[in-house]
Amino acid sequence: MNEQSSFTAIHATSEVRIFIILALIFFTAAILFVGFILVSRFTKNKRQEKEAILRNYFQRTLNAMIIMETTSSVPASSHVFKLDTLRTMTGKSSLARQVMVNQLVSVKKSISGSSSKILERLYIELDLHTYSLGKLKRDSWQKKAQGIRELAELNYQPAVETIRTYIVSDNRTLREESLLALVRLDNEGPLSFLDQYSGTISPWMRINIHYHLSKSDARKLPQFSRWFSSSNLDVVLFALSMARQFRQSSAIPFLTALLSHTDTRVAGLALETISALEAHELADGITQRVEAFWTSEKLSSRMVRCLGRIGYTSEHKYTILRYLDHPEYTVRFNAVQALYKMDDEARQLLLDFNTKMNGILSGAIEHVSEPLLQ
Amino acid sequence: MKILVCDDDEALISMVRFKLSRENFGEVIKAVDGREAKRLLEENDFDLIISDIHMPFHSGLEIVTHVRQVLKKKTPIIILSAEGLEETVLQAFDIGANDFITKPFSPAELAIRVKRLLNL
């Protein structure tokens, strides 16, 4: 009995021991975890404080350098002194370099003219372009993308060829960043990469490219029609969309061919481009595609809208009239709208047709004739 | 002379304040969002307001409406915006803005426009 109780006691003691050891391990881990959180939060706060101090200092120095240089004759020694101070500070830590680059980028977004040129010059004088180029050698794609964006924002044109190597990157973000950078940096041919481009062009890229092109000299814009025959469908759609946005009438002679494109999106966008460019001379060419487009609701709708806008009322109203009998309501509605807006004769044709068909289009006519909906 | 500069971009505010003080336009007060701008406008009389369009809480266009319709003041207002769309510009002038500058802008040009609006 005694033996059994001593065995139980020993057994219990070892169980308690294990429990105590586990509790200690857990307790130590918890303390280490809390300690880690506190230390990382402290480090983060310190870093943020340091960043704020640096940002404040850099901004004041930048203000002085930009405003003084553009308004008065500042002694060269003053500029050299400020530059040396900045160089010493940015040379000390990568945090200071990053804060300075961020400030340069941030200010450059808001100012233009000679002040903006000073920022670009400072970027080079402080050797920060080397810092951004260094990011392209890092393994992380985020760092690479950040480097590319900095080089583009601060207009560092010698980086064009290095950035060009990323347009075939497997990483989509890197690819898109490099394309946008090229649009901004490559003055000779901002869209020349499209010649060999085999990737996709996302709506985000299209908007960004359009934004940058719209800020550049309109006379330097490329002829977008040169990419209408590209084997990359995305490039063709992009070129068409840009020709329409920038109203390039030089693209008009090449648009009829695109109406026969195997991809309906291209044919549809070509119709919209013809309409936007008001290419009246193509109206007859469009009517030849009536049969081919008839079964497509989208293409027929676009065809009718396009003819309504650019067609000659005397000739093309009869083509539009055919669409009043189209199986799709959207197409019929577009035809009603086009005829109603054309001229009195076209409007009368519409009303006669409606009477003949026992008023089946009355609702649509009422809708398009409502002044509040015009 | 008292000028209010409203923008959520601290770097830009800092630059504009520096430029305007260098040109001796007087005291330049900053507001980093629409709410602060409205509060400052209600508590002070400004000789000129420079405001961005896109700001937290209240937009620059709301600030213009507030000044013209609620405070009933004729203080000259310059709108700064990265958005140069025709309808935005027209809307700004329509509700009472006196000038519109598209970002990026030249600080020197801003100073000239301020001088013109202040009749200096």
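Residues numbered from 1 in each chain as written. Chains lettered and ligands numbered in written order. Predicted model: local features only at pLDDT ≥ 70, side-chain atom pairs only at ≥ 80, totals over all residues. Heavy atoms only, no water.

The next thing to look at is the overall build of chain A. What chain A contains, in helices and strands, is 19 helices and zero strands. Its C-alpha atoms give chain A a radius of gyration of 34 Å, more than 25% over the compact-globule value 21 Å for 374 residues. Taking the principal axes of the C-alpha coordinates as reference, chain A spans close to 110 × 90 × 45 Å. The 374 residues of chain A split such that 43% are buried. Across chain A, the fraction of contacts at a sequence separation of at least 24, relative to all contacts at a separation of at least 6, is 64%. Summed over all atoms, the accessible surface of chain A reaches about 20,800 Å², with 56% contributed by carbon and sulfur. (Helix = DSSP H or I, 4+ residues; strand = E, 2+ residues; numbered from the N terminus. Rg over C-alpha atoms; globule rule 2.2 N^0.38 Å. Buried < 20%, exposed > 50% of the residue type's maximum accessible area, 1.4 Å probe, protein only. Contact = heavy atoms within 4.5 Å. Areas by Shrake-Rupley, 256 points an atom, 1.4 Å probe, with all protein chains shown as cover.)

Attention now goes to the pattern of salt bridges. Summed over the entire model, instances satisfying the criterion amount to 29 salt bridges over all chains. Taking the shortest distance from any N to any O, the salt bridge between Lys108 of chain A and Glu120 of chain A comes out at 3.2 Å. Placement of Lys108 of chain A in helix H3 (residues 94–110) and of Glu120 of chain A in helix H4 (residues 113–125) is noted, with a sequence separation of 12 residues between them. For the pair formed by Lys108 of chain A and Glu120 of chain A, the shared burial category is buried. Between Glu125 of chain A and Arg121 of chain A there is a salt bridge, with the nearest N and O atoms lying 3.6 Å from each other. Here the residue Glu125 of chain A and the residue Arg121 of chain A both occupy positions in helix H4, the gap between them amounting to four residues, near one helical turn. By relative accessible area, Arg121 of chain A is classed as partly exposed at 34%. One network of salt bridges, in which partners are shared, links Asp99, Glu109, Arg113 and Arg116 of chain B. (Salt bridge = Lys/Arg side-chain N within 4 Å of Asp/Glu carboxyl O.)

What follows deals with the interface of chain B and chain A. At the interface, 14 residues of chain B touch 17 residues of chain A. Taken together, the two surfaces of chain B and chain A that pack against each other cover about 1,400 Å², and 62% of this comes from carbon and sulfur. In terms of surface lost to chain A, no three residues of chain B exceed Met15, Phe18 and Pro104 of chain B, which account for 39% of the buried area on that side. Taken together, the links from chain B to chain A amount to zero salt bridges. For the pair chain B and chain A, the interface holds five residue pairs in polar contact (both at pLDDT 80 or more). Ranked by residue count, the leading element in the side of chain B that touches chain A is helix H1 (residues 10–22) of chain B, at seven residues. Partitioned by chemical class, the residues of the side of chain B that touches chain A number seven nonpolar, two polar and five charged. (Buried area = accessible area lost by both parts, 1.4 Å probe. Polar contact = N/O pair within 3.5 Å; in protein donor to acceptor, adjacent residues only side chain to side chain. Nonpolar A, V, L, I, M, F, W, Y, C, P; charged D, E, K, R; others polar.)

This brings us to the packing of aromatic side chains. Residues and elements named next belong to chain A. Going through the model one piece at a time under the given rule, you end up with six aromatic pairs over all chains. When the ring of Trp294 is compared with that of Tyr323, the centres are 5.0 Å apart and the planes differ by 35°; the resulting orientation is tilted. Remark: Tyr323 occurs in the loop between helix H16 (313–322) and helix H17 (329–342) and Trp294 occurs in the loop between helix H14 (290–293) and helix H15 (297–310); sequence separation between them is 29 residues. Since its relative accessible area comes to 0%, Tyr323 is described here as buried. (Phe/Tyr/Trp six-rings, centres within 6.5 Å; stacked < 30°, edge-to-face > 60°.)

Geometrically, the link from Lys103 of chain B to Pro104 of chain B is a cis peptide bond, its omega value of 0° lying close to zero. Tracing the backbone through its elements, the reader meets Pro104 of chain B in the loop between strand S5 (99–102) and helix H5 (107–117). Of note in the backbone geometry, Arg247 of chain A takes a positive phi value of approximately 50° without being a glycine. Within the fold, Arg247 of chain A resides in the loop between helix H10 (233–245) and helix H11 (255–258). Exposure remark for Arg247 of chain A: the relative accessible area of 48% places this residue in the partly exposed category. Its identity as a non-glycine residue notwithstanding, Asn358 of chain A has a phi of 60°, on the positive side. Its place among the elements puts Asn358 of chain A in the loop between helix H18 (344–356) and helix H19 (362–369).

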